[in-house]
Amino acid sequence: MGVAGVASAAVGLALGLHRDFREHTRPLGKALSFSDLDGTDTDASSAIQALLASAGAQVVLRGTYVLGSEIIVPPNVGQLILAPGSVLRVRGNHPALTRAGTITFREMTGKTMPSGTTRLPVRAASAYTVGEYLLVSGADVVAGSPDRYGYLRQVMAVDLGESEIEVDSPLPRSITRSPRTSLIELAPVLEISGTGQILSEDPSGMFSPLIHYFAAEHPSITGITVSDSGAAGITLSHCLGGVVDCTVSDLLDDGTSHFGYGVNVTGSTRDARVQGTISRVRHAVTTNAGGLIVGVGYAGEPENCYFSPDAHDCSNKSVDTHRLGWGITIVPRVTGGGGGVQVRSDNARVVGGSIQGCDGPGVFVSSVVRVATSIDQVKVKGLHKGQVGILCKGPAAIVEPTVTLASGTGIELNDDSSVDGGTIDGSADLGLKILGSRNTVAGLVMGKNVRTHVVESKPSEDNRLSLGSD
């Protein structure tokens, strides 16, 4: 059935063609008005699903519709636009929109896959094709966590003689326990854009993300508003690249059954960017383990992603990583909420930006961190309740921080951290607190109103302190 046939089914939808895409999609004719379902409580999901199956590369949705089941956006649709004033209302515990590729187990390789190299041993090199994508994983877990890691890689060369393949980027961690490969067939690019809204009718009964990309190439969500739900606003799982630059707000967080992450970056997702404005959620953005994959198991560690949302009034730490995560870059733009940045992953970077008015630490580095966090030229000010500007339970390298507090502690270090330059200002109770050993502080300047400059707990060993002066 063509689009015109679907139109005759009276589904309460408007399908339009954006002028900029006229030469790149097959003609759809004039916008079609379907008033029967627009603004009603009748489930429109089947009608929308059928319409998308027959559509061209771009679809414009106009109106307000109830979704009683998940919409799987088919590969023929490359751009889905929610027109001004349009609303998709989710009824039930399911996503509004999903774009999904596939991950299929290929083989147990039987050989350790070492970190730091792009050449990986495999059992059957002839089974691999240059250009395809793999999930390279095993049964290894990140230290201090039960979660298994794994990485999304593209095959660049196949060496039949050596039974090796070459991938596009080195593995950050060795895979030694039950190493395996799985084929990732990425769903094609889907851009979700416009100024419309997606929400849940019953947030307390919602435990699914409102938008879910799984094994997708360059997911893109821009402009729209995602709000009023009981789980993540947006989940990216095992995705390659992509950008989220929209508004996410008002997600439930009770710390028990509802964890309203604004954007949940999971599995082996790599090179994704999260921007936009995110408020009144648990974490504006976080990293997490991938879910169970049939035939593969649990696997995946988010890698080399970039987080820089404007985060306001989050109920927990505003920008976060769970234990899984490698090479995550965070540019904080945080106002209010339960804290600024929380780092629990390895090899993270917190760069520039500002954190102000929080009820928790400005930057918190957890004790589970094994590969030091880099904290570079971050500004922290105006924290509430005597909080710590930069609190490092785990190792961190801090460069040129600016911490301005009315009370509390500027910087607190445990073991194996460093501070190079920077200032502690305002009327902080304490500038620098050192609780452990093997820390180096050089050139840190204390403002004239900081009550106590340094406290070093005993016993501690091999701390080297040299404060700067104005």
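Please refer to the structure higher up on the page.
Residues numbered from 1 in each chain as written. Predicted model: local features only at pLDDT ≥ 70, side-chain atom pairs only at ≥ 80, totals over all residues. Heavy atoms only, no water.

Asks: Any chance you could explain the overall build of the protein here in plain terms?
Replies: Within the protein, the regular secondary structure consists of 2 helices and 45 strands. Computed over its C-alpha atoms, the radius of gyration of the protein comes to 25 Å, within 12% of the 23 Å expected for a compact globule of 470 residues. The principal-axis extent of the C-alpha atoms belonging to the protein is close to 80 × 60 × 40 Å. Within the protein, buried positions represent 55% of all 470 residues. Taking all contacts inside the protein whose residues are at least 6 apart in sequence as the whole, residues at least 24 apart take part in 55%. Within the protein, the 46 negative side-chain charges are centred at a point lying 1 Å from the centre of the 37 positive side-chain charges. (Helix = DSSP H or I, 4+ residues; strand = E, 2+ residues; numbered from the N terminus. Rg over C-alpha atoms; globule rule 2.2 N^0.38 Å. Buried < 20%, exposed > 50% of the residue type's maximum accessible area, 1.4 Å probe, protein only. Contact = heavy atoms within 4.5 Å. Lys, Arg positive; Asp, Glu negative; His and termini not counted. Charge placed at Lys NZ, Arg CZ, Asp CG, Glu CD.)

Asks: Even after reading the chapter, I still don't get the pattern of salt bridges, so can you show me in this structure?
Replies: It is possible for side chains bearing opposite charge to pair when their charged atoms get close. Going through the model one piece at a time under the given rule, you end up with 21 salt bridges. The closest approach of N and O atoms between Glu 201 and Arg 89, which form a salt bridge, is 2.3 Å. Here Arg 89 lies in strand β5 (residues 87–90) and Glu 201 lies in the loop between β14 (197–200) and β15 (211–214), a separation of 112 residues in the sequence. Each member of the salt-bridge network shares a partner with another, and the members are Asp 41, Arg 89, Arg 91 and Glu 201. (Salt bridge = Lys/Arg side-chain N within 4 Å of Asp/Glu carboxyl O.)

Asks: Please explain the environment of Lys 458 as it appears in this structure.
Replies: Examined against the element boundaries, Lys 458 turns out to sit in the loop between β44 (452–456) and β45 (464–467). Lys 458 sits in the exposed class, given a relative accessible area of 67%.

Asks: How do you make sense of the layout of surface pockets when you look at a structure like this?
Replies: The rolling of a water-molecule-sized probe over the atoms marks out the regions of remaining empty space. Estimates place the volume of the largest pocket at around 260 Å³. For the largest pocket, the lining is made up of 20 residues, of which Phe 207, Pro 209, Ala 232, Thr 235 and Asn 264 are closest to its centre. Within the residue set of the lining of the largest pocket, elements represented by two or more residues are β15, β17 (234–237), β19 (263–266) and β23 (292–293). Of the residues that constitute the lining of the largest pocket, the class distribution is 9 nonpolar, 11 polar and no charged. (1 Å grid on protein atoms, 1.4 Å probe; cavity = no way out; pocket = protein on both sides within 12 Å on 5 of 7 lines; lining within 4 Å. Points joined across faces, edges and corners; volume = space filled by probe spheres on them. Nonpolar A, V, L, I, M, F, W, Y, C, P; charged D, E, K, R; others polar.)

Asks: Got a minute to help me understand the state of the cysteines in this structure?
Replies: In protein structure, a disulfide is the covalent linkage between the sulfur atoms of two cysteines. Overall, the coordinates contain 0 disulfides when judged by the stated rule. With no disulfide partner, Cys 239 has as its closest neighbouring cysteine sulfur the one in Cys 305, 9.7 Å distant. With no disulfide partner, Cys 246 has as its closest neighbouring cysteine sulfur the one in Cys 314, 14 Å distant. On the basis of relative accessibility, which here comes to 4%, the residue Cys 246 falls in the buried class. (Disulfide = S-S within 2.5 Å.)

Asks: Whenever I open this one, the sheet that holds strand β10 (residues 148–159) confuses me. Can you help?
Replies: Pairing in this open sheet of 6 strands is antiparallel, and the strands run β7-β12-β9-β10-β11-β8 from one edge to the other. Each edge of the open sheet is held by one strand with a lone partner, namely β7 (102–108) and β8 (119–121). Ignoring strand direction, the axes of neighbouring strands in this sheet form an average angle of 45°. For strand β9 (residues 133–141) and strand β12 (residues 180–185), the ladder comprises 5 bridges, and the chain directions are antiparallel. When the sheet's bridge partners are listed, Leu 135 is paired in β12 with Ser 182. (Pairing = 2+ DSSP bridges. Axes fitted to C-alpha atoms, helices over the stretch in contact; angles between N-to-C directions.)

Asks: Would you mind going over the pairing of β17 with me for this structure?
Replies: Where a strand is regular, its side chains alternate between the two sheet faces. Residues Ile 234 and Leu 236 point to one face of β17 and Thr 235 and Ser 237 to the other, with burial holding for every one of them. Summarising the sheet, β15 and β17 pair through 4 bridges and their orientation is parallel. Among the inter-strand pairings, Tyr 213 is bridged to a residue of β17, identified as Leu 236. In terms of strand pairing, β17 meets β19 through 4 bridges, oriented parallel. Along β19, the bridge assignment pairs Ile 234 with Val 263.

Asks: Teacher, can you tell me more about the nonpolar core here?
Replies: When a protein is soluble and globular, its nonpolar side chains tend to lie buried together. Counting residues in hydrophobic clusters, the biggest one holds 84 residues, and the most contacted among them are Ile 234 and Ile 375. A per-element tally of this core places strand β18 (residues 243–251) first, with 4 residues. Leaving out residues up to four positions away in the same chain, Ile 375 has contacts with Val 350, Val 363, Val 365, Ile 390, Cys 392, Ala 396, Ala 397, Ile 398 and Val 399. Counting 16 residues, the second-largest nonpolar core is a separate cluster that includes Leu 134, Tyr 151, Val 155 and Val 167. (Core = buried A, V, L, I, M, F, W, Y, C linked by side-chain atoms within 4.5 Å.)

Interpretation in functional terms is not warranted from these geometric data alone.
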